[in-house]
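# Commentary on secondary and tertiary structure
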Amino acid sequence: MGFSLETYRLVVKHVGSRADICTLCRVNKEFQQAAERALYHTIYASDAWETFEMCSLLSRIRRLAAIPENLTLVVGDGDDNDSRPQSEVCFPNDFWPTVSEALYQTTRLRFLNLRLDNAGNAAQAWILNGTTFQLRSFHCDLQWDIHLVSFLNTQTNIDDLYIIDFSVPDTAPTSTSVSLSLDPGALPSLSTLECTFSEAACALVPARPISRLKTCFSKTRLPEKRKELLLLFSKLMESTHSLRSLDIADSIYSDSFSMELIAAVVKLQNHVRDLRYLGTLVLPIDGYVRLKFYGLLRRLSSLKCVEVDVSEWEPPPSIPAGVRALASELRLYCPSLQQVIFVNDFERTVITASDGKYAVDYDSDTENIWREF
């Protein structure tokens, strides 16, 4: 008498190693089914050869291709100990067709991460042609082209999107030109957006329920950056959801522009009534200017975490005593704060406040903390 399917799954769940799970595949068909689901539900291919081998397997065996829901494919060397440039990593001639066929077969994907170590491989979005899965999360290092746009136009469930590239659509398209603009109704569920160009945010935020945004100013000259700020914030007003996290990086940080930035955030009014995370702002050194900074900050009454740059402080605030004192000062004017991230030459220190005590949080993922609010 056989066991129930749930029993087989429980046995597999309590097996300690992947090698033992592979052994269970040879016991009987019931164990094979449960074990394969455990082995292939989440796949992480850490370099180009692992990606090629896994995609070859999925393209050959449709039974296995129907299992994955979470797939990460790294295209590059992936070996920190190898000194070869990424451009010298050789791929088989059928590398990309194999990846394309694997993606075509994986119909149940919900989370897809395509990570490219070499920008020379970015023009491969055609591998998404013909795929039928509906993603919830998509990390995409591919080039923004007609293939990627066509794919995104089919996705109705993506709520978390990362794109490394973007091309501003032609404002005066001709009859022969190809549109690089998304359809007006594309990505209707998108709520978390991370993009390396503010132009991408300007294109994707309007008419979508964006509540978490991480982007970067593209301009370096102050007059152009001010225009960029005005355009970006005008587009934020067109989001159908209020902001919870806003993280805007910059190539050059200054306290004067940070004052303009936080003032612009405050002016968003109802669109920032639920704002929980804000960064990156320069914490002014001058006491009077810092008081003005705090006066603006306290108007964001729901703020739980703020990221401030102290790279220009001389000497820099000591760790942990100096940053704890500054975090206490920040909470004096903005009592809703629970965390403060201090940035000193791109090194981040997280201070967490609890029951009136301030401690360095060594476990926080500082790159993705903005997603947690």
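Residues numbered from 1 in each chain as written. Predicted model: local features only at pLDDT ≥ 70, side-chain atom pairs only at ≥ 80, totals over all residues. Heavy atoms only, no water.

### Regarding the overall build of the protein
Helix and strand counts for the protein come out as 12 helices and 13 strands. Going through the 373 residues of the protein one by one, you find that 47% of them count as buried. By sequence separation, contacts in the protein at least 24 residues apart represent 65% of the contacts at least 6 residues apart. (Helix = DSSP H or I, 4+ residues; strand = E, 2+ residues; numbered from the N terminus. Buried < 20%, exposed > 50% of the residue type's maximum accessible area, 1.4 Å probe, protein only. Contact = heavy atoms within 4.5 Å.)

### As for the pairing of strand β5 (residues 160–163)
Along any regular strand the residues' side chains alternate between the sheet's two faces. Covered by surrounding structure in β5 are D160 and Y162 together with L161 and I163, the residues of both alternating faces. Pairing between strand β4 (residues 137–140) and β5: 4 bridges, direction parallel. Residue pairing in the sheet places H139 in a bridge with Y162 of β5. Of the crossover connections in this fold, the one passing from β4 over helix α7 (residues 146–153) to the parallel β5 is right-handed. Across 4 bridges, β5 lies against strand β6 (residues 192–195) in parallel orientation. Considered in β6, the bridge of L161 is made with L193. (Pairing = 2+ DSSP bridges. Right-handed = clockwise from strand over helix to strand, strands pointing away.)

### Regarding the nonpolar core
F138 and F233 are the most contacted members of the largest nonpolar core, which has 99 residues in total. In terms of residues, this core owes the most to one element, helix α10 (residues 255–267), which gives 7 residues. In this structure F233 touches L246, I248, L261, A264, V265 and L268, once residues within four positions along its chain are discounted. Membership of the second largest hydrophobic core comes to 7 residues, among which are Y277, C305, W370 and F373. (Core = buried A, V, L, I, M, F, W, Y, C linked by side-chain atoms within 4.5 Å.)

### Quick look at the pairing of strand β8 (residues 245–249)
Across the 5 residues of β8, 4 count as buried, placing the element largely inside the fold. Here 5 bridges tie strand β7 (residues 212–216) to β8, and the two strands are oriented parallel to one another. Looking across to β8, one finds that L213 is bridged to L246. Assessed by its sense of winding, the connection that carries the chain from β7 through helix α9 (residues 222–236) to β8 is right-handed.

### Notes on helix α11 (residues 287–297)
Restricting attention to buried positions, one finds in α11 the residues R290, F293, Y294, L296 and L297. Seen along its axis, α11 keeps its buried residues to an arc of 160 degrees; they face one direction. As for α11, its buried residues are in contact with α10, β9 (277–282), β10 (305–309) and α12 (321–333). Of the residues that open α11, the one with a side-chain oxygen 3.1 Å from the backbone nitrogen of Y288 is D286. (Arc of directions from axis to C-beta. Polar contact = N/O pair within 3.5 Å; in protein donor to acceptor, adjacent residues only side chain to side chain.)

### Here we look at the environment of D160
By the element assignment, D160 lies in strand β5. The sequence separation of D160 and F111 amounts to 49 residues, and the corresponding C-alpha distance is 9.4 Å. In contact with D160, other than residues within four places in its own chain, are R136, S137, F138, L190, T192 and R371.

### Focus on the state of the cysteines
In the structure shown here, the tally under the stated rule is 0 disulfides. C195 carries a free sulfur, and the closest cysteine sulfur to it, the one in C202, is 8.7 Å from it. (Disulfide = S-S within 2.5 Å.)

### Here's the deal with the environment of T51
Looking at the element boundaries, T51 is found in helix α4 (residues 48–60). Expressed as a C-alpha distance, the spacing of T51 and L73, which sit 22 residues apart in the sequence, is 5.6 Å. T51 has contacts with A45, L73, V74, F95 and V99, leaving out every residue within four places of it along the chain.

### Examining a negative patch on the surface
Negative charge collects at one region of the surface, where D255, D286, E312, D345 and E347 lie side by side. Along the chain, E312 turns up in the loop between β10 and α12. Judged by relative accessible area, E312 falls into the exposed class, the value being 60%. (Patch = residues over 30% accessible without salt bridge, like charges linked within 9 Å, V, L, I, M, F, W, Y side chains within 5 Å. Areas by Shrake-Rupley, 256 points an atom, 1.4 Å probe, with all protein chains shown as cover. Salt bridge = Lys/Arg side-chain N within 4 Å of Asp/Glu carboxyl O. Lys, Arg positive; Asp, Glu negative; His and termini not counted. Charge placed at Lys NZ, Arg CZ, Asp CG, Glu CD.)

### Focus on the pattern of salt bridges
In a structure, side chains of opposite charge can pair up when their charged atoms sit close to one another. On inspection of all chains with the given rule, the structure shows 12 salt bridges. When the shortest N-O distance is used, the salt bridge between D159 and R136 registers 3.9 Å. Highlighted residues: D159 in the loop between α7 and β5 and R136 in the loop between β3 (111–116) and β4, separated in sequence by 23 residues. What emerges from the salt-bridge pattern is a single network uniting K214, E307, R348 and E367.

### Looking at the packing of α4 against helix α6 (residues 95–105)
Running from N to C, α4 and α6 point in directions that differ by 50 degrees, and their axes come no closer than 8 Å. In terms of axis orientation, α4 runs oblique to α6. Classified by chirality, the crossing of α6 by α4 is left-handed. Counted together, A48, T51, F52, C55, S56, L58 and S59 of α4 and F95, T98, V99, E101, A102 and Q105 of α6 form the full contact between these two elements. Residues that form the contact of α4 with α6 fall into these classes: 7 nonpolar, 5 polar and 1 charged. (Axes fitted to C-alpha atoms, helices over the stretch in contact; angles between N-to-C directions. Parallel < 35°, antiparallel > 145°, perpendicular 65-115°, else oblique. Left-handed = near helix turned anticlockwise from the far one by under 90°. Nonpolar A, V, L, I, M, F, W, Y, C, P; charged D, E, K, R; others polar.)

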